[in-house]
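The residues making up each chain are set out below.
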Amino acid sequence: MTEHQLFLYLAEVVVLVAVARLGGEIALRLGIPQVIGELALGLCLGPSLFGVLWPGGFNALFPADPSQRNLLDITYWLGVVFLVLIAGVGTKLRLVRTSQRAAVASWACGFLLPFALGFALGWFTPADLIGPGISRGVFSLFFGTALSISAIPVIARILMDLNMLNTKVGAIIMSSAVADDTVGWIVLAVVTGLASAEHQVDKGAVATALIGTAALLVFTFTIGQRLVDATIRRSLRLKSPHMQATVMFLIVFAAGAFTQWIHVHLVLGVFIGGLLISRSKERKAMRASRDAVREIGFAFFIPFFFAYTGLKTDFTTLTGHALPIAILAVVLACLGKLIGASLGARIGGLSTWESLGVGSGRNARGAMELVIAGIGLSIGILTEPSYATVVLIAIVTTLMAGPMLRFCAKRSDLASSSGQESVLEVEAI
């Protein structure tokens, strides 16, 4: 690394984080999710606007040199780790266990319908929107997963703002969203293991991914939980300061490293590591460390992740047949969640407006969709236009969720005046 590369990297980081924080502040003042503001100003910094208005300035600040971009990519993936870790630590699996018929039916329909629509769209997507060497089947599975995921933190924040978190509808939305993300990460792990580095199906890699994922899940909910509890308990006896935060990072990085080793993406390992910490018997003693991790993540790494995601997105590539495909993808994503989750809730016994409220809440994709988009681009499944399409889905669905749920709440007694116990101790991402 040269001195100029180091200088440029530091300057890029300063600009990206500062712009992201500014965008988040503007978004909060406008009453929209913070992620939208951070992502929007990142988009303005990228080839969609800055690169068009001042190409020389854009190329000087963000040169296409691969070694320079690699530095930003490392920081980007650290942002992914913080984001997924915080989501995992904040996820309460007890919501899934206490789900009743409406929650199960809502999850099944709200996951399977958008998955089927995404798969069908992927199957008929023009070949030039699919990554080089990627089979249409793998692309279709990936796109189905992208359309079926939900954003737990965004949904939780919306429900808290509307005083609906501890209501029947709120519990159904949250429990089914937890199932969405848990199943979605597992499916995504299988999809990413379907192709080798040469983008050819590798039966050995697929078998390793499937067996390794199954073994990890069994280990997680048996011996793994006990080991994590014992490790945290011993760390509490040590005199070194900040040891619990160190243990937290070691757990999630080790889990992420394991999933990468078995040809499964690191996000599944990090998410499972966060779940183990959230389910630990010593979780109350870890509160200060969790707060410190959240503060570092939301102060620096996560805003950087959103801004850099925007920087990498080029909406000018949505031309020709890519534009109608992008519009169709957004429409199918919204209809799949709204119709599927609402229909399932109605089958489960909820009223019409309650069911529509469930569908509206489940529609938010938020940051989880952006993580999926980044994974798809990094492993070559997505091209620049299809990557921009997935980012567009995240933006539109996140903006829609709050107003639509508020609209449904006004037409039915969905809100509760009961006190709120935070189900997810995270900011709206």
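Attention here is on the structure that accompanies the text.

1. Observations regarding the overall build of the chain
For step 1, the next point in the chain: A count of helical and extended segments in the chain gives 18 helices and zero strands.
For step 2, the next point in the chain: Counting every position in the chain, which comprises 429 residues, the buried fraction comes to 56%.
For step 3, the next point in the chain: A sequence separation of at least 24 residues applies to 81% of the contacts in the chain between residues at least 6 apart.

2. A closer look at a nonpolar patch on the surface
For step 1, the next point in the chain: Together, Leu113, Leu323, Ile327, Val331, Leu335, Ile339, Leu343 and Ile347 give the surface a local cluster of nonpolar side chains, amounting to about 680 Å² of exposed area.
For step 2, the next point in the chain: It is helix α15 (residues 322-347) that provides the largest number of residues to the nonpolar patch, a total of seven residues.
For step 3, the next point in the chain: One can find Leu113 in helix α7 (residues 101-123).
For step 4, the next point in the chain: Assessed through its relative accessible area of 32%, Leu113 is described here as partly exposed.

3. Section: the packing of helix α10 (residues 168-192) against helix α16 (residues 352-362)
For step 1, the next point in the chain: Axis separation between α10 and α16 bottoms out at 9 Å; the angle between their running directions is 40°. Between α10 and α16, the angle is such that the two are oblique. Considering how the two elements wind past one another, α10 and α16 form a crossing that is right-handed. The segment α10 lies against α16, with Lys168, Val169, Ile172, Ile173, Ser176, Ala177 and Asp180 engaging Glu354, Gly357, Val358, Gly361 and Arg362.
For step 2, the next point in the chain: When grouped by side-chain class, the residues that make up the contact of α10 with α16 number five nonpolar, three polar and four charged.

4. Describing the side chain of Thr398
For step 1, the next point in the chain: Mapped onto the fold, Thr398 is located in helix α18 (residues 384-410).
For step 2, the next point in the chain: Residues contacting Thr398, with those up to four places away along its chain left out, are Pro33, Val35, Ile36, Val154, Arg365 and Gly366.

5. Some thoughts on the packing of aromatic side chains
For step 1, the next point in the chain: Evaluated as defined, the whole model comprises 17 aromatic pairs.
For step 2, the next point in the chain: A centroid spacing of 4.8 Å and a plane angle of 5° characterise the contact between Phe82 and Phe301, whose relative ring orientation is stacked. Residue Phe82 is located in helix α5 (residues 66-90), and its partner Phe301 is located in helix α14 (residues 287-312); the two are separated by 219 residues in the primary sequence.
For step 3, the next point in the chain: Judged by its relative accessible area of 7%, Phe82 is buried.
For step 4, the next point in the chain: Each ring, one from Trp107 and one from Phe111, has its centre 5.7 Å from the other, and the planes form 25°; the classification is stacked. Of this pair, Trp107 and Phe111 both sit in helix α7, four residues apart, roughly one helical turn.
For step 5, the next point in the chain: Linked through ring pairs, Tyr76, Trp77, Phe304, Phe305, Phe306 and Tyr308 together constitute an aromatic cluster.
For step 6, the next point in the chain: The ring of Tyr76 has Lys312 sitting right over it, with the charged end atom 3.9 Å from the ring centre.

6. Notes on the pattern of salt bridges
For step 1, the next point in the chain: Applying the stated rule across the entire model yields two salt bridges.
For step 2, the next point in the chain: Its salt-bridge partner being Glu25, residue Arg29 comes within 2.9 Å of it at the nearest N-O pair. Of this pair, Arg29 and Glu25 both sit in helix α1 (residues 3-30), four residues apart, which is roughly one turn of the helix.
For step 3, the next point in the chain: The exposure class of Glu25 is partly exposed, given its relative accessible area of 38%.
For step 4, the next point in the chain: Across the pair Arg294 and Asp291 runs a salt bridge, and its minimum N-O distance is 2.1 Å. Separated by three residues within a single helix, Arg294 and Asp291 lie in helix α14, roughly one turn from each other.
For step 5, the next point in the chain: Taking the relative accessible area as the measure of exposure, Arg294 reaches 14% and is therefore buried.
For step 6, the next point in the chain: Here Asp291 falls in the partly exposed class, since its relative accessible area comes to 33%.

7. Focus on unusual backbone geometry
For step 1, the next point in the chain: A positive phi angle is found at His242, which is not glycine, with a value near 65°.
For step 2, the next point in the chain: Take His242: it is sitting in the loop between α11 (203-235) and α12 (243-261).

8. Quick look at the environment of Ala345
For step 1, the next point in the chain: As for its position among the elements, Ala345 is in helix α15.
For step 2, the next point in the chain: Taking the C-alpha atoms as reference points, Ala345 and Val169, separated by 176 residues in sequence, lie 9.3 Å from one another.
For step 3, the next point in the chain: Beyond its immediate sequence surroundings of up to four residues, Ala345 is in contact with Ala102, Ser106, Leu350, Ser355 and Val358.

9. Some thoughts on α1
For step 1, the next point in the chain: For α1, which comprises 28 residues, the first-to-last C-alpha distance of 41 Å matches the rise-based estimate of 40 Å (1.5 Å per residue) to within 8%.
For step 2, the next point in the chain: Gln5, Leu8, Tyr9, Glu12, Val13, Leu16, Val17, Val19, Ala20, Gly23, Gly24 and Ala27 are the residues of α1 that are buried.
For step 3, the next point in the chain: Looking one or two places after α1, you find Gly31, whose phi comes out positive at around 80°.

10. Things to note about α18
For step 1, the next point in the chain: In a regular helix each residue adds 1.5 Å, so 27 residues correspond to 39 Å; α18 covers 40 Å between its end C-alpha atoms and thus fits that length.
For step 2, the next point in the chain: At Ala401, α18 is deflected by roughly 30°, the largest bend along its length, and proline Pro403 occurs up to four residues later in sequence.

11. Here's the deal with the packing of α15 against α16
For step 1, the next point in the chain: One way to put it is that α15 packs onto α16 with a least axis distance of 7 Å and a crossing angle of 140°. Viewed along their axes, α15 and α16 adopt a mutual orientation that is oblique. For the crossing formed where α15 meets α16, the hand is right-handed. On the side of α15, the interface is formed by Lys337, Leu338, Ala341, Ser342, Ala345 and Arg346, while α16 contributes Thr352, Ser355, Leu356, Val358, Gly359, Ser360 and Arg362.
For step 2, the next point in the chain: Looking at the contact of α15 with α16 residue by residue, the class counts come to five nonpolar, five polar and three charged.

12. Examining the nonpolar core
For step 1, the next point in the chain: Judged by nonpolar contacts, the single largest core of 123 residues is most densely connected at Leu16, Trp185 and Val267.
For step 2, the next point in the chain: The greatest single-element share of this core, amounting to 12 residues, is contributed by α5.
For step 3, the next point in the chain: Apart from the residues within four sequence positions on either side, Val267 is in contact with Val80, Val84, Trp185, Leu188, Val371 and Ile375.

13. So, the environment of Val331
For step 1, the next point in the chain: Note that Val331 resides in helix α15.
For step 2, the next point in the chain: For Val331 and Thr397, which are 66 residues apart along the polypeptide, the C-alpha to C-alpha distance reads 9.7 Å.

Quick notes on the rules
Residues numbered from 1 in each chain as written. Predicted model: local features only at pLDDT ≥ 70, side-chain atom pairs only at ≥ 80, totals over all residues. Heavy atoms only, no water. Helix = DSSP H or I, 4+ residues; strand = E, 2+ residues; numbered from the N terminus. Buried < 20%, exposed > 50% of the residue type's maximum accessible area, 1.4 Å probe, protein only. Contact = heavy atoms within 4.5 Å. Patch = residues over 30% accessible without salt bridge, like charges linked within 9 Å, V, L, I, M, F, W, Y side chains within 5 Å. Areas by Shrake-Rupley, 256 points an atom, 1.4 Å probe, with all protein chains shown as cover. Salt bridge = Lys/Arg side-chain N within 4 Å of Asp/Glu carboxyl O. Axes fitted to C-alpha atoms, helices over the stretch in contact; angles between N-to-C directions. Parallel < 35°, antiparallel > 145°, perpendicular 65-115°, else oblique. Left-handed = near helix turned anticlockwise from the far one by under 90°. Nonpolar A, V, L, I, M, F, W, Y, C, P; charged D, E, K, R; others polar. Phe/Tyr/Trp six-rings, centres within 6.5 Å; stacked < 30°, edge-to-face > 60°. Lys NZ or Arg CZ within 6 Å of the ring centre and 35° of its normal. Expected span 1.5 Å × (residues − 1). Bend = angle between axes of the 7 residues up to and from the residue. Core = buried A, V, L, I, M, F, W, Y, C linked by side-chain atoms within 4.5 Å.

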